[in-house]
Amino acid sequence: MTQDELKQAVARAAIEYVVDGEIIGVGTGSTANFFIDELGKIKHRIKGAVASSEATAVRLKSHGIQVFDLNDVESMPVYIDGADEIDPKGAMIKGGGAALTREKIVASVADKFICIADGSKLVDVLGKFPLPVEVIPMAHAVVTRKLQALGGQPTLRMKDGNPLVTDNGGYILDVAGLQITAPQELEAKINNIVGVVTVGLFAQRGADVGLLGMADGVKKFVY
Ligand code: 5RP
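In this report, the structure presented in the accompanying data block is examined. Keep in mind the model is a prediction, meaning the values are calculated, not measured. Throughout, a residue's number is its position along its own chain's written sequence, starting from 1. With pLDDT at 70 or above as the cut-off, local features in this predicted model cover only qualifying residues; side-chain atom pairs require 80 or more to be listed or tallied, and sums for whole chains, interfaces and linings still use all residues. With hydrogens and water excluded, all non-hydrogen atoms of the structure serve as input to the side-chain values.

Only centres within 6.5 Å qualify two rings of Phe, Tyr or Trp (six-membered ring in Trp) as a pair; their planes then separate them into stacked at under 30 degrees, edge-to-face at over 60, and tilted for everything else. Under the defined criterion, the tally for this structure stands at three aromatic pairs. With centroids separated by 6.4 Å and ring planes inclined at 80°, the aromatic side chains of Phe113 and Phe202 adopt a geometry described as edge-to-face. Separated by 89 residues along the polypeptide, Phe113 in strand β6 (residues 110–118) and Phe202 in strand β13 (residues 201–202) bring together distant segments of the chain. Only protein chains enter the area calculation, which uses a 1.4 Å probe; residues under 20% of their type maximum are buried, those over 50% are exposed, and those in between are partly exposed. In this structure Phe202 comes out as buried when scored by relative accessible area, which is 1%. Ring centres of Phe221 and Tyr223 lie 6.4 Å apart, and the angle between their planes is 5°; on these two criteria the pair is classed as stacked. Accessibility expressed as a relative area gives 28% for Phe221, which makes it partly exposed. With relative accessibility at 29%, the residue Tyr223 sits in the partly exposed group. An aromatic cluster is built from Tyr79, Phe113 and Phe202, whose rings are joined through pairwise contacts. Here a strand is any run of E in DSSP of at least two residues, a helix any run of H or I of at least four, and the numbering for each starts at the N terminus.

Moving on: the sheet that holds strand β3 (residues 76–81). Spatial strand order, β2-β1-β3-β6-β14-β15: six strands in an open sheet with mixed pairing. A single partner strand is all that each edge strand has here, and the edge strands are β2 (48–51) and β15 (217–222). Along the sheet, successive strands turn relative to each other by an average axial angle of 20°, direction set aside. Being paired, for any two strands, means DSSP has found at least two bridges between them. Direction of pairing for strand β1 (residues 23–26) relative to β2: parallel, over a ladder of four bridges. Each bridged residue has a counterpart across the sheet, and for Gly25 the counterpart in β2 is Val50. By the convention used here, residues are in contact when the closest approach between their heavy atoms is within 4.5 Å. To get an axis, a line is fitted to the C-alpha atoms, and for a helix only the part in contact is used. The angle between two axes follows their N-to-C directions and goes from 0 to 180 degrees. Along the sheet face, helix α3 (residues 54–62) touches β1 and β2 and points at about 160° away from the line of β2.

Before going further, it helps to spend a moment on the sheet that holds strand β7 (residues 131–135). The strand order across the open sheet built from four strands is β8-β11-β7-β12, with neighbouring strands paired in antiparallel fashion. Looking at which strands have only one partner, the edges of the open sheet turn out to be β8 (153–156) and β12 (196–199). Strand-to-strand, the axes of this sheet are offset by a mean angle of 30°, without reference to chain direction. In this sheet, β12 lies alongside β7 in antiparallel orientation, the contact comprising three bridges. Of the residues in β12, the one forming a bridge with Val135 is Val196. Strands β7, β11 (171–176) and β12 of the sheet are contacted by helix α4 (residues 100–109), whose axis makes an angle of about 70° with β12.

On to unusual backbone geometry. Most peptide bonds take the trans form, and the phi angle of most residues other than glycine is negative. At Ala98, a position not held by glycine, the phi torsion is positive, near 70°. Tracing the chain through its elements places Ala98 in the loop between β5 (92–93) and α4. Within the chain, Asp160 stands out as a residue other than glycine whose phi angle is a positive 50°. Locating Asp160 in the fold gives a position in the loop between β9 (158–159) and β10 (162–163). Among the residues examined, Asp160 registers a relative accessible area of 72% and is labelled exposed.

The next subject is the site of the ligand. For each residue, the test is whether any non-hydrogen atom lies within 4 Å of the molecule or strand; if one does, the residue is near. In the vicinity of the ligand, 17 residues are found, and the nearest of them are Ser30, Thr31, Asp84, Gly95 and Lys121. Glu103 places a side-chain nitrogen or oxygen 3.1 Å from an oxygen atom of the ligand. Working definition of accessibility: Shrake-Rupley area with a 1.4 Å probe, residue cover restricted to the visible protein chains. Coverage of the ligand by the protein amounts to 91% of the 370 Å² it exposes when considered alone. Polar contacts, as used here, are pairs of N or O atoms within 3.5 Å; protein pairs need one atom able to donate a hydrogen and one able to accept it. Residues neighboring in sequence count only if both atoms are side-chain atoms.

Take a look at the structure:
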């Protein structure tokens, strides 16, 4: 199976977690996009969705799914999203699509985080994928120095020759060279640096269920 076919398979499998009559939290990225396309087929069963990015909101609306403002939603049973890496305990690196802050906020409101990914995202130790960190633009240089002091090699993410600007007006530092053996501790440490909006480590609130696409089918992990 191709990587896209694996993503499509986990997107289909995730439909089982959609709760009828409820609002669902929806992530960002290519795997989340496959999920949105599946969700479109059963849209009559749900009340609507909360989007973790402007791009996801556009795609949800293109399927006729009502998109709610998170401020109008007190709870939701599930949040479904992809990941750049996931470890055997359900801790993840996210933010390859620059939506980490909104993803973490929406996920924090959901009872369950369902991670959907192709099997290549499963790793023993997080950190091969450069860790995204959203920062306030005026702070990118100082935060870079602090992340270097932690042993990382941060690079400012660029787009068309300029720093990439997130949906929140922030910049992204992609931090290479980290072997993340204690993800919860590193998440707290980086979130504590002044000027950081959010780190793309999802360990304190990791996935509850992982649906990972392998050559021999979709494997379910409960964390
Ligand atoms: C976006 C994310 C995505 O979930 C992550 O980058 C995985 O993307 P894809 O499904 O395209 O591999 O965190 O900010």
